[in-house]
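Listed below, chain by chain, are the residues.
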Amino acid sequence: MHLLENCQPQHAEVAQKLKCSFYVDNCVSGVFNTDEQERLTEHAKLIMLNGCFNLRGFESNVAGKNVDRSSGDTSVLGVI
């Protein structure tokens, strides 16, 4: 939480979204278009890298930059 509350001002909007999106070691969030998707993944990676956390394994129902898998189903803690 400290990491998200003390991030750079240009990342504040994404940090706020991340605060409400983590469940154990999964981050589940949503955006409305691929531009937002790209912005969220890039800023989230930068924010979390400052705490030595390597965000990876991005999934979406639409293919995009930084998305490893695009399908309609996503597993969170083993539950689809």
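Residues numbered from 1 in each chain as written. Predicted model: local features only at pLDDT ≥ 70, side-chain atom pairs only at ≥ 80, totals over all residues. Heavy atoms only, no water.

Where an unreviewed UniProt entry is consulted, the protein appears under the name Integrase_H2C2 domain-containing protein, with the organism given as Trichonephila clavata.

**Q** For helix α2 (residues 12-19), give the residues involved together with the corresponding values.
**A** Looking at α2, one finds that the buried residues are V14, A15 and L18. Each buried residue of α2 sits inside an arc of 100° when the element is viewed along its axis, so together they form one side. Against α1 (2-5), β1 (22-23), β2 (26-27) and α3 (34-49) lie the buried residues of α2. (Buried < 20%, exposed > 50% of the residue type's maximum accessible area, 1.4 Å probe, protein only. Helix = DSSP H or I, 4+ residues; strand = E, 2+ residues; numbered from the N terminus. Arc of directions from axis to C-beta. Contact = heavy atoms within 4.5 Å.)

**Q** Any chance you could break down the side chain of S21 for me, citing the residues and the numbers?
**A** Among the secondary structure elements, S21 is positioned in the loop between α2 and β1. Its relative accessible area of 8% is what places S21 among the buried residues. A distance of 2.6 Å separates a polar side-chain atom of S21 from the backbone oxygen of K17. Not counting chain neighbours up to four residues away, the residues in contact with S21 comprise N26, C27, V28 and S29. (Polar contact = N/O pair within 3.5 Å; in protein donor to acceptor, adjacent residues only side chain to side chain.)

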